[in-house]
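# Examining the three-dimensional arrangement
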Amino acid sequence: MKYLYAFTLVTLLLSLIADRKKTWQALKIACKRFFKIMPPFITMLILVSIALTFIPNKVILAVLGGGEHNRFLGMVLGLILGSVTLMPGFIAFPLCGILLKKGVPYMVLSAFSTSLMMVGVLTYPLEKAYFGSKVTIIRNAISLLIAIIVAIATGFVFGEIAR
Amino acid sequence: MKDLTKRLLLAAYVIFIIASVALNFEPGKRLGENFLSFLVDMMKVLPFAFILIGLFEVWVKRETVEKHLGKESGFKGYIWAILLASTTVGGLYVAFPVAHALYNKGARLSVIFAYISASAVCRVPMTIFEASFLGVKFSLVRLVVSIPLVIISSALLGAYLEKKGYKMQQIDT
């Protein structure tokens, strides 16, 4: 995060030195787009807060923790939970680490973490504002398919699916 | 009509949280806390991302983007998209506005989709963090399997939409 701040600051200063007018214009574009995207962004945050309240980490631990006996059921549950939630990596991966220690198969964790990152049910309002609803749905369907393939491949590599 | 429903739902959400705080209703308070914590997290990233997008819009030449990410860029376009994605911070909510800026400057659709998906799966700090919890082998399998699939699916989706004359939504009007 610090790199982002430093990089933005340095770029902004360089731009200011090079051309004041252009820099002003850039900031205007930044503001305009930022505020334009606020409504769908807030909608997304509301959805995220609702999902997080109904599906707290405890629930994810309990649901996926049961996946050690039936890998394929666990994989499907992982895909569903990963798709309908949204959380930063610094929360998601420690969670996966706990599950791994509990004996949850890699393919279940892969299904969960990959769909978490790639499939965005909660980001739908935001994505729709940029791409329209049809493309958003197609793109997320493809992402879900990729998450399934990655999970199955993980199962093979870790010997969790019989060859 | 649709707008009215949206406003009513928003009002209900806000009133519910305020009432929960007033009446000490735990789940409602947690809802409010979750909203705030995510808002704060994203506000640490978004304004800076948008400033960089603004600077990108005024300084980077259209020809540069067209050459590296546009119609003539070929397979190299995907490589650039994935490299750019690996340095993206945040998540999809940052990738969308960046993708929009690239699109405005003439990047082709399939490269845009590859960028978005890649920014979900191969951001460098995230991958390092993932490997430290789940092992390098786990991260490698994910990258090796997902990146080719991302490129193939983005190429197909881009070609399909290009043929249909699809245009991205206009944000600044």
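All right, on to the overall build of chain B then. Tallying secondary structure elements over chain B gives nine helices and zero strands in all. Along chain B, helices and strands appear, N-terminal first, in the series α-α-α-α-α-α-α-α-α. Whereas a compact globule of 173 residues would reach a radius of gyration of roughly 16 Å, chain B reaches 20 Å, over 25% beyond that. Along the three orthogonal principal directions, the C-alpha set of chain B runs to about 60 × 45 × 30 Å. Here chain B holds 173 residues, and the buried ones make up 50% of them. A sequence separation of at least 24 residues applies to 69% of the contacts in chain B between residues at least 6 apart. If you average the places of the 19 positive and of the 11 negative side-chain charges in chain B, the two averages end up 5 Å apart.

Turning next to the environment of Leu95(A). Residue and element names in this part refer to chain A. With respect to the helices and strands, the residue Leu95 is situated in helix 6 (residues 89–101). When the C-alpha positions of Leu95 and Tyr5 are compared, they lie 28 Å apart, and in sequence the two are 90 residues distant. Each residue touching Leu95, except ones within four places of it in the same chain, is listed here: Asn57, Ile60, Leu61 and Met87.

Turning our attention to the interface of chain B and chain A. Each side of the interface is counted separately: chain B has 65 residues, and chain A has 69 residues. At the boundary of chain B with chain A, total buried surface from both sides reaches about 6300 Å², with 80% on carbon and sulfur atoms. Inspection of the chain B/chain A interface yields one salt bridge. Close ionic contact of Arg33(A) with Glu57(B) constitutes a salt bridge, the shortest N to O distance being 3.0 Å. Linking chain B with chain A are seven residue pairs in polar contact (both at pLDDT 80 or more). Of the residues assigned to the side of chain B that touches chain A, the class counts are 46 nonpolar, nine polar and 10 charged.

With that settled, consider the domain arrangement of chain B. A common measure of how large an interface is: the accessible area buried when the components associate. Considered domain by domain, chain B is made up of domain 1 (1–43) and domain 2 (45–173). Domain 1 of chain B and domain 2 of chain B are separated by 32 Å when their C-alpha centres are compared.

A separate point is the packing of aromatic side chains. Applying the stated rule across the entire model yields 13 aromatic pairs over all chains. For the ring pair Phe34(A) and Phe35(A), a centre distance of 5.3 Å and an interplane angle of 80° mean the geometry is edge-to-face. The exposure class of Phe35(A) is exposed, given its relative accessible area of 56%. On the numbers, 6.0 Å between centres and 65° between planes, the contact of Tyr13(B) with Phe35(B) is edge-to-face. With Tyr13(B) in helix 1 (residues 2–23) and Phe35(B) in helix 2 (residues 26–43), this residue pair connects regions lying 22 residues apart in the sequence. Side by side, Tyr13(B) and Phe35(B) carry an identical accessibility label, which is buried.

Counting across every chain of the model gives two cavities of 30 Å³ or more. Lining the largest cavity we find Arg139(A), Ile142(A), Ser143(A), Ile146(A), Phe113(B), Ser117(B), Ser153(B), Ser154(B) and Leu157(B). Broken down by secondary-structure element, the contributors of at least two residues to the lining of the largest cavity are helix 9 (133–157) of chain A together with helix 7 (109–121) and helix 9 (136–163) of chain B. Ranked by residues supplied to the lining of the largest cavity, first place goes to helix 9 of chain A with four residues. Of the residues in the lining of the largest cavity, the class split is four nonpolar, four polar and one charged. What the second largest cavity holds in volume is close to 40 Å³. As for the second largest cavity, its lining consists of Ile37(A), Phe41(A), Leu126(A), Tyr130(A), Leu46(B), Phe50(B), Tyr93(B) and Pro97(B).

Residue and element names in this part refer to chain A. Direction vectors running N to C along helix 5 (residues 71–84) and helix 9 enclose 140°, while the axes themselves pass 11 Å from each other. Considering the angle they form, helix 5 stands oblique to helix 9. Between helix 5 and helix 9 lies a crossing of right-handed hand. Across from Met75, Leu79 and Ser83 in helix 5, the residues of helix 9 making contact are Leu144, Ala147, Ile148, Ala151 and Ile152. Residue composition of the contact of helix 5 with helix 9, by class: seven nonpolar, one polar and no charged.

Count 3.6 residues to each turn of an α-helix, and residues three or four apart come out pointing the same way. For helix 2 of chain B, spanning 18 residues, the distance from its first C-alpha to its last is 26 Å, which sits close to the expected 26 Å at 1.5 Å a residue. Gly28(B), Leu31(B), Gly32(B), Asn34(B), Phe35(B), Phe38(B) and Met42(B) are the residues of helix 2 of chain B that are buried. Angular distribution of buried residues about the axis of helix 2 of chain B spans 155°; they occupy a single face of the element. Looking at the buried positions of helix 2 of chain B, the neighbouring elements they touch are helix 3 (38–54) of chain A together with helix 1, helix 3 (46–59) and helix 6 (92–104) of chain B.

About the criteria used
Residues numbered from 1 in each chain as written. Chains lettered and ligands numbered in written order. Predicted model: local features only at pLDDT ≥ 70, side-chain atom pairs only at ≥ 80, totals over all residues. Heavy atoms only, no water. Helix = DSSP H or I, 4+ residues; strand = E, 2+ residues; numbered from the N terminus. Rg over C-alpha atoms; globule rule 2.2 N^0.38 Å. Buried < 20%, exposed > 50% of the residue type's maximum accessible area, 1.4 Å probe, protein only. Contact = heavy atoms within 4.5 Å. Lys, Arg positive; Asp, Glu negative; His and termini not counted. Charge placed at Lys NZ, Arg CZ, Asp CG, Glu CD. Buried area = accessible area lost by both parts, 1.4 Å probe. Salt bridge = Lys/Arg side-chain N within 4 Å of Asp/Glu carboxyl O. Polar contact = N/O pair within 3.5 Å; in protein donor to acceptor, adjacent residues only side chain to side chain. Nonpolar A, V, L, I, M, F, W, Y, C, P; charged D, E, K, R; others polar. Domains from an automatic or database assignment. Phe/Tyr/Trp six-rings, centres within 6.5 Å; stacked < 30°, edge-to-face > 60°. 1 Å grid on protein atoms, 1.4 Å probe; cavity = no way out; pocket = protein on both sides within 12 Å on 5 of 7 lines; lining within 4 Å. Points joined across faces, edges and corners; volume = space filled by probe spheres on them. Axes fitted to C-alpha atoms, helices over the stretch in contact; angles between N-to-C directions. Parallel < 35°, antiparallel > 145°, perpendicular 65-115°, else oblique. Left-handed = near helix turned anticlockwise from the far one by under 90°. Expected span 1.5 Å × (residues − 1). Arc of directions from axis to C-beta.

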